[in-house]
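# Understanding the architecture of this molecule
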Amino acid sequence: MTNTLLLDAAFSIETPRPPVWFMRQAGRFMPQYWEIKNKYSFLEMCKTPEIAADVTMLPVDLLGIDAAILFSDILVTGEAMGGDLSFTQGVGPKFANPIRTAADIEALETNCIHKLQYVADAIKVIQQRLNKSIPLIGFAGAPFTVMSYLVEGGSSKDFKLTKLLIHNQPQLAHRLLAKIAKVTIDYLNLQIAAGVNAVQLFDSWALALSWDDYNEFSHRYNVEIIAALNRTNVPVISFCKGSSVFAPLMAEAKPDVISIDWNVDLKDIKSRLPHNIAVQGNLDPHILYADKAVIKDRIHRLFERMRGEKGFIFNLGHGIMPDIPFDNVKYAIDVVKEFRY
Ligand code: CP3
């Protein structure tokens, strides 16, 4: 592979500058995304390998990032298990048949990996297009975060139903989480077998949980998943919002990288983790709305702070918002690529 910056940093090998990619880089802030999106539904885009590859390649070709991320969604595992999934403009994801009873949970399928073959097919097309230039990151949603969509029926502000399930019927919650974990393991192993070079586990909404509930209803499934991956030289990146709190627990799952939100000093949290665990992050995504001089200053400030640290991947603390100016994203990447330690 020509550009190994991301894989090197993930394995805590020194790099001449930090590698850069952005969560949600294959998405709506790019006018070119809308040209495709206006012709197809989001799920059609995910399920048609040539189109998924086209979208995956947009930030590679237009921005020159150091890693590509598969164009898909974390909720496709929920759909494969039996969730009636749709995405509506302005509404977001919806499961029309939310999981509310023991019978709903029993009805979910776990031998359903064949339904996700389109993802393996997309990975093969993308790898041909990348032609060993940069690594391709695969991903899945972590069981707690996927469960929250299955139970709430869509996005939620307070996760009321999910938390009620956890607190009133913990055995049922565990039954559901175990089923999602099984499918997630199969799904990430499918992606690795198809050729992804790294995988990221998205536990986006873990921040909603108390320490004890995170430990019992999220963390232990992430431990199980990471331990069950068939991988050599394929690093695992563990992401959650709330990582500034949960990072010490996340480290126990033995990921290669922990992706850190923007509430904490990155060097400080790294110093509290085992030295072979790299960190990813952790610019506040809102910085990319700001003036270019501010963008440059904040990136340089972070890089100076991380000077001398092996195992640092530059990213945002969470995904790019759809209305961030394309030009600012491009500028941020240029600032990173010009930097030398
Ligand atoms: O990072 C990338 O560019 C790769 C593709 C990717 C998407 N979703 C494409 C997408 C990835 C990695 C995801 C992960 C994802 N999906 C997460 C975890 C990451 C995070 O931000 O915390 C979550 C929580 C979801 C669920 C989801 N999918 C939501 C809540 C929404 C709609 C609202 C929103 O936040 O945008 C989606 C839709 C979605 N996923 C879009 C894209 C490009 C927009 C679809 C459209 O064009 O209408």
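What this report covers is the structure whose coordinates are included nearby. Small disclaimer: the values here were computed from a predicted structure and weren't measured.

## Observations concerning unusual backbone geometry
The phi torsion of most residues other than glycine is negative, and most of the peptide bonds are trans. In this structure, N282 follows G281 across a cis peptide bond, with omega equal to -20°. Mapped onto the elements, N282 comes out in strand β8 (residues 278-283). Phi is positive for K132, which is not a glycine, with a value near 60°. Its location among the elements puts K132 in the loop between α7 (117-130) and β4 (136-141). On the basis of relative accessibility, which here comes to 62%, the residue K132 falls in the exposed class.

## Observations concerning the site of the ligand
Around the ligand, a shell composed of 25 residues is seen, among which R28, Y33, D73, S204 and H318 lie nearest. Side-chain polar atom of Y33 to an oxygen atom of the ligand: 2.6 Å apart, as the coordinates give it. Residue K37 places a side-chain N or O atom 2.8 Å away from an oxygen atom belonging to the ligand. Its free accessible area being 880 Å², the ligand has 90% of it covered by the protein chains. If you list the elements that add at least two residues to the shell around the ligand, you get α2 (31-37) and β3 (92-95). Here the residues of the shell around the ligand sort into 14 nonpolar, 7 polar and 4 charged.

## Topic: the packing of aromatic side chains
One pass over the structure, following the stated rule, counts 15 aromatic pairs. One aromatic cluster in this structure is built from F22, F303, F312, F314, F339 and Y341.

## Focus on the sheet that holds strand β1 (residues 68-69)
The strand order β1-β4-β5-β6-β7-β8-β9 describes an open sheet built from 7 strands, whose pairing is parallel. The strands lining the two open edges of the sheet, one partner per strand, are β1 and β9 (312-316). The pairing of β8 with β9 spans 5 bridges and is parallel. Residue pairing across strands places G281 opposite F314, the latter belonging to β9. The sheet contacts of helix α12 (residues 243-252) involve β6 (236-240) and β7 (257-259), and relative to β6 the element is tilted by about 145°.

## What about the pattern of salt bridges?
In total, this model carries 15 salt bridges according to the counting rule given. R129 is the salt-bridge partner of E50, the closest N and O atoms lying 2.8 Å from each other. Of this pair, E50 sits in helix α4 (residues 49-63) while R129 sits in helix α7, placing them 79 residues apart in sequence. Look at R129 and you get partly exposed, because its relative accessible area is 33%. Among the salt bridges present, the one from E309 reaches K267, with a minimum N-O distance of 3.3 Å. Placement of E309 in the loop between α14 (292-305) and β9 and of K267 in helix α13 (residues 266-271) is noted, with a sequence separation of 42 residues between them. K267 gets classed as partly exposed once you look at its relative accessible area, which sits at 26%. Within this structure, E50, D54 and R129 form a network of salt bridges that share partners.

## Examining the nonpolar core
Among the nonpolar cores identified, the biggest contains 133 residues, and F22 and F314 are the most heavily contacted of them. When residues of this core are assigned to their parent elements, the largest contribution, 13 residues, is made by helix α10 (residues 170-194). Ignoring any residue separated from it by four or fewer positions in sequence, one finds F314 in contact with P18, P19, V20, W21, F22, G281, L283, I299, L302, F303 and V336.

## Some remarks on the pairing of β4
In terms of residue burial, β4 counts as a mostly covered element, since 6 of its 6 residues are buried. Of the two faces of β4, the one carrying L136, G138 and A140 and the one carrying I137, F139 and G141 are both buried. Inspection of the sheet shows β1 paired to β4 by 2 bridges, in the parallel sense. Looking across to β4, one finds that I69 is bridged to I137.

## Considerations on the side chain of K37
Mapped onto the secondary structure, K37 falls in helix α2. A distance of 2.8 Å separates a polar atom in the side chain of K37 from a polar atom in the side chain of Q89. Those residues within four positions of K37 in sequence are excluded, and the remaining contacts are F42, M45 and Q89.

## As for the environment of A96
Structurally, the position occupied by A96 is in the loop between β3 and α6 (102-107). Here A96 falls in the exposed class, since its relative accessible area comes to 57%. Sequence-wise, A96 and G153 are 57 residues apart; in three dimensions their C-alpha atoms are separated by 6.4 Å.

## Considerations on the packing of α14 against helix α15 (residues 326-338)
It is the contact of α14 with α15, at a shortest axis distance of 10 Å, that shows an interaxial angle of 35°. For the pair α14 and α15, the crossing hand works out as right-handed. Contacts between α14 and α15 pair K292, I295, K296, I299, H300 and F303 from the former with D327, N328, Y331, A332, V335 and V336 from the latter.

## Section: the environment of F246
Examined against the element boundaries, F246 turns out to sit in helix α12. Residues F246 and A9, spaced 237 residues apart in sequence, show a C-alpha to C-alpha distance of 22 Å. Apart from the residues within four sequence positions on either side, F246 is in contact with A206, L207, L209, S210, W211, Y214 and C240.

Conventions used here
Residues numbered from 1 in each chain as written. Predicted model: local features only at pLDDT ≥ 70, side-chain atom pairs only at ≥ 80, totals over all residues. Heavy atoms only, no water. Helix = DSSP H or I, 4+ residues; strand = E, 2+ residues; numbered from the N terminus. Buried < 20%, exposed > 50% of the residue type's maximum accessible area, 1.4 Å probe, protein only. Near = heavy atom within 4 Å. Polar contact = N/O pair within 3.5 Å; in protein donor to acceptor, adjacent residues only side chain to side chain. Areas by Shrake-Rupley, 256 points an atom, 1.4 Å probe, with all protein chains shown as cover. Nonpolar A, V, L, I, M, F, W, Y, C, P; charged D, E, K, R; others polar. Phe/Tyr/Trp six-rings, centres within 6.5 Å; stacked < 30°, edge-to-face > 60°. Pairing = 2+ DSSP bridges. Contact = heavy atoms within 4.5 Å. Axes fitted to C-alpha atoms, helices over the stretch in contact; angles between N-to-C directions. Salt bridge = Lys/Arg side-chain N within 4 Å of Asp/Glu carboxyl O. Core = buried A, V, L, I, M, F, W, Y, C linked by side-chain atoms within 4.5 Å. Left-handed = near helix turned anticlockwise from the far one by under 90°.

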